[in-house]
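Structure assessment
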Amino acid sequence: MGVLKWVALGVCVLLAVPASAAVIEGRVVAVADGDTVTVLDARKRQQKVRLTGIDAPEKRQPFGEASRQHLAGLVFGRAVEARCPKRDRYGRWLCKLRVDGRDANFAQLAAGMAWHYKAYGKDQGLFDFTGYALIELEARYRRRGLWADPRPQAPWEFRRARREAAGGGVFGG
């Protein structure tokens, strides 16, 4: 293989995998919603895991419970591997969750049970970002899951509307 091919392969690998990711292996013992689970790791510690690259409907939103149930069907009680480059402001691990070699984050998008969370796309490798964007487009086109609704409300818009209705407004005042 020529030098340029090796360089191209190296760049692809760097773009596809976060630089320093924690790996959590264990069993999913709880599914809070369509993008958050609890993993019991090998040391019997519970780890809160937020699936990266997706944002699922909130529990009180249309499709919120369907999204949670779909994710539970994929991962609850199963052995998983979570690749987690960092934690969020709530202390949850931000992870790509795999079960039987399958990307559960991607599966949520393919079933129309979540949005591709492009606002945090810089946290994804190029291949995941592109794949997630394309599978969301396919789910929209096929009207799968939440895309059957003619005007689905994105979770971040739902959360903002609830904050504003509670008097928080844009500036929290």
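Residues numbered from 1 in each chain as written. Predicted model: local features only at pLDDT ≥ 70, side-chain atom pairs only at ≥ 80, totals over all residues. Heavy atoms only, no water.

**Considering the packing of aromatic side chains**
Using the criterion set out here, one finds four aromatic pairs in the structure. Aromatic pair Phe106 and Tyr132: ring centres 6.1 Å apart, planes at 55°, arrangement tilted. Placement of the pair is Phe106 in helix 3 (residues 104-110) and Tyr132 in helix 4 (residues 126-142), with a sequence separation of 26 residues. Overall, the relative accessible area of 31% leaves Phe106 in the partly exposed class. Judged by relative accessible area, Tyr132 falls into the buried class, the value being 1%. Aromatic side chains Tyr117 and Trp156 sit 5.3 Å apart centroid to centroid with 10° between the ring planes, which places their arrangement in the stacked category. Of this pair, Tyr117 sits in the loop between strand 8 (115-116) and helix 4 while Trp156 sits in helix 5 (residues 155-165), and the two are 39 residues apart along the sequence. Using a relative accessible area of 15% as the deciding quantity, one classes Tyr117 as buried. An aromatic cluster is present here, built from Trp115, Tyr117, Trp147 and Trp156 joined pairwise through their rings. (Phe/Tyr/Trp six-rings, centres within 6.5 Å; stacked < 30°, edge-to-face > 60°. Helix = DSSP H or I, 4+ residues; strand = E, 2+ residues; numbered from the N terminus. Buried < 20%, exposed > 50% of the residue type's maximum accessible area, 1.4 Å probe, protein only.)

**A word on the nonpolar core**
Grouped together as the largest cluster of nonpolar side chains are 26 residues, with contacts concentrated most on Val37, Leu71, Val75 and Leu97. Elements with a contribution of two residues or more to this core: strand 1 (22-33), strand 2 (36-41), strand 3 (46-51), helix 2 (64-75), strand 5 (79-87), strand 6 (93-99), helix 3 and helix 4. The residues touching Val37, leaving out its near neighbours within four places in the chain, are Val28, Ala30, Val31, Gln47, Lys48, Val49, Leu71, Val75 and Leu97. Formed by five residues, the second largest nonpolar core is a distinct cluster that contains Trp115, Leu146, Trp147 and Ala154. (Core = buried A, V, L, I, M, F, W, Y, C linked by side-chain atoms within 4.5 Å. Contact = heavy atoms within 4.5 Å.)

**Looking at the pattern of salt bridges**
Overall, the coordinates contain 15 salt bridges when judged by the stated rule. Here Arg50 and Asp35 are joined by a salt bridge, their closest N and O atoms 3.5 Å apart. In this pair, Arg50 is assigned in strand 3 and Asp35 in the loop between strand 1 and strand 2, connecting sequence segments 15 residues apart. Using a relative accessible area of 4% as the deciding quantity, one classes Asp35 as buried. The salt bridge partner of Lys96 is Asp103, with a shortest N-O separation of 3.9 Å. (Salt bridge = Lys/Arg side-chain N within 4 Å of Asp/Glu carboxyl O.)

**Quick notes on the layout of surface pockets**
As a volume, the largest pocket reaches approximately 790 Å³. The wall of the largest pocket is formed by 27 residues, among which Arg50, Tyr90, Arg92, Tyr117 and Arg159 lie closest to the centre. Of the residues forming the lining of the largest pocket, the biggest block, four residues, is contributed by helix 5. Taken together, the residues that form the lining of the largest pocket break down as nine nonpolar, three polar and 15 charged. (1 Å grid on protein atoms, 1.4 Å probe; cavity = no way out; pocket = protein on both sides within 12 Å on 5 of 7 lines; lining within 4 Å. Points joined across faces, edges and corners; volume = space filled by probe spheres on them. Nonpolar A, V, L, I, M, F, W, Y, C, P; charged D, E, K, R; others polar.)

**Examining the environment of Tyr117**
The spacing of Tyr117 and Trp156 is 39 residues in sequence and 9.4 Å in space, taken between C-alpha atoms. Here Tyr117 is in contact with Arg50, Gly53, Ile54, Asp55, Trp156 and Arg159, once residues within four sequence places are set aside.

**Points about the pairing of strand 6**
Most of strand 6 is tucked away: five of the seven residues are buried. One ladder, built from three bridges, connects strand 3 with strand 6; its direction is parallel. Across the sheet, Arg50 pairs through a bridge with Leu94, a residue of strand 6. Two elements, strand 6 and strand 7 (residues 102-103), share two bridges in a ladder whose sense is antiparallel. Residue pairing in the sheet places Val99 in a bridge with Arg102 of strand 7. Once strand 6 ends, the chain turns through two residues before running back antiparallel as strand 7, passing Asp100 with a positive phi of about 50°. (Pairing = 2+ DSSP bridges.)

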